[in-house]
Amino acid sequence: MMRRVRHSGLLWIVKTLALAGLVTASPALAGWTLVPAGQTVVVGQLKLTPPTAWNAQTGSTARGVAWTHDGFELNLLEVTVTRSGEPLYRERHRRRGVGGVLPPQFALIDLVDLFESGFRAGSGATVFIIDQASPAKLAGLPAVEIRYRFSLSEDALPSRGLVRLAIIGDAVHAINFTAPTLHYFDAGQEEARRIMDGARL
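Residues numbered from 1 in each chain as written. Predicted model: local features only at pLDDT ≥ 70, side-chain atom pairs only at ≥ 80, totals over all residues. Heavy atoms only, no water.

Its 15 residues give helix 3 (residues 184-198) an end-to-end C-alpha distance of 22 Å, which sits within 8% of 21 Å, the value for a rise of 1.5 Å per residue. The sharpest bend along helix 3 reaches about 30 degrees and sits at glutamate 190. All of the buried residues along helix 3 are Tyr184, Phe185, Gly188, Gln189, Glu191, Ala192, Ile195 and Met196. (Helix = DSSP H or I, 4+ residues; strand = E, 2+ residues; numbered from the N terminus. Expected span 1.5 Å × (residues − 1). Bend = angle between axes of the 7 residues up to and from the residue. Buried < 20%, exposed > 50% of the residue type's maximum accessible area, 1.4 Å probe, protein only.)

Right, here's the structure in full:
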């Protein structure tokens, strides 16, 4: 069961937008499992220990996991592992073309452009703006951190994202947090950063 949103005013706004068709339903009627606070989860070569409990979508593939507190439209933490020849994000809009496919050889500096093209193709974002890309660390290794804004359609809530990517072994490991600009991103980004900072090999 999803955690109840504690801000009744914001809940009313979200419900109103949902009735207007501006907030869509979850991508699939998938099952859910609870990831308790303090439980270590392994994704690829990363070990993650969330400080609070998260709802995890069941049926996640070997390429990653998807967590949320209040529903994917309100907060989404994705941890993914991508190898050469694979797209960073699964394509949802074929007419937009495939983007973000890792070439046989790539470097850390390439990940900014690969993430942008992959996220655009995977999410179908109509607006995507990088606010900042800077060096960072992930599990003690060199990484790149990208702060960005996006919208999935003209009617969708504007959203923000924070992603950290690193090359570990032969794969790109990414931890990506997205949420609507209205309240949810600011409310969740500190914990997302704690999970990124606490990732270990």
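More follows now that the structure is in view.
Looking now at the pairing of strand 8 (residues 141-151). Of all eleven residues making up strand 8, eight are buried, and the element is well covered by its neighbours. Here strand 7 (residues 127-138) pairs with strand 8 via eleven bridges, running antiparallel. Counted as the bridge partner of phenylalanine 128 is phenylalanine 150 from strand 8. Adjacent in sequence and paired antiparallel, strand 7 and strand 8 are bridged by two residues, among which alanine 139 carries a positive phi angle near 55 degrees. Here strand 8 runs beside strand 9 (residues 159-168); their pairing, made up of eight bridges, is antiparallel. (Pairing = 2+ DSSP bridges.)

What follows deals with the pattern of salt bridges. Within this structure, the stated rule accounts for seven salt bridges. The shortest N-O distance in the salt bridge between glutamate 116 and arginine 120 comes to 3.4 Å. Here glutamate 116 pairs with arginine 120, and both are found in helix 2 (residues 111-123), just four residues apart, close to one helical turn. Classification of glutamate 116 as partly exposed rests on a relative accessible area of 22%. Here glutamate 145 ties to arginine 193 by a salt bridge, and the two come within 2.9 Å at their closest N and O atoms. On the criterion of sequence distance, the pair formed by glutamate 145 in strand 8 and arginine 193 in helix 3 is long-range, its members being 48 residues apart. (Salt bridge = Lys/Arg side-chain N within 4 Å of Asp/Glu carboxyl O.)

This paragraph deals with the packing of aromatic side chains. In the structure shown here, the tally under the stated rule is eleven aromatic pairs. Summarising the aromatic geometry, the rings of phenylalanine 119 and phenylalanine 150 are spaced 4.9 Å apart at their centres and angled 70 degrees between planes, so their arrangement reads as edge-to-face. Of this pair, phenylalanine 119 sits in helix 2 while phenylalanine 150 is found in strand 8, placing the two residues 31 residues apart along the sequence. The burial state of phenylalanine 119 is the same as that of phenylalanine 150; both residues are buried. (Phe/Tyr/Trp six-rings, centres within 6.5 Å; stacked < 30°, edge-to-face > 60°.)

Moving on, we come to the environment of threonine 126. Mapping threonine 126 onto the fold places it in the loop between helix 2 and strand 7. In the structure, threonine 126 is positioned 25 residues away from serine 151 in sequence and 6.0 Å away in space, judged by C-alpha atoms.

Residue position: leucine 77 is located in strand 6 (residues 76-83). Distance in space between the C-alpha atoms of leucine 77 and alanine 192 is 7.5 Å, their sequence separation being 115 residues. Once residues lying within four places of it in the same chain are set aside, the contact partners of leucine 77 are Trp54, Val65, Ala66, Trp67, Ile175, Asn176, Phe177, Ala192 and Ile195. (Contact = heavy atoms within 4.5 Å.)

Let us look at the sheet that holds strand 8. The sheet built from eight strands is open, its strands ordered 1-4-5-6-10-9-8-7 with antiparallel pairing. Two strands close off the open sheet at either side, each with one partner strand: strand 1 (32-35) and strand 7. For this sheet the average axis-to-axis angle between neighbouring strands, irrespective of direction, equals 25 degrees. Taken together, the four bridges between strand 1 and strand 4 (residues 54-57) define a ladder with antiparallel strand orientation. Opposite valine 35, over in strand 4, you have tryptophan 54 as the bridge partner. (Axes fitted to C-alpha atoms, helices over the stretch in contact; angles between N-to-C directions.)

Look at alanine 139: it is not a glycine, yet its phi comes out positive at around 55 degrees. Tracing the chain through its elements places alanine 139 in the loop between strand 7 and strand 8. At histidine 183, a residue that is not glycine, the phi angle is positive and equals roughly 70 degrees. Within the secondary structure, histidine 183 is located in the loop between strand 10 (171-180) and helix 3. Here histidine 183 falls in the partly exposed class, since its relative accessible area comes to 27%.

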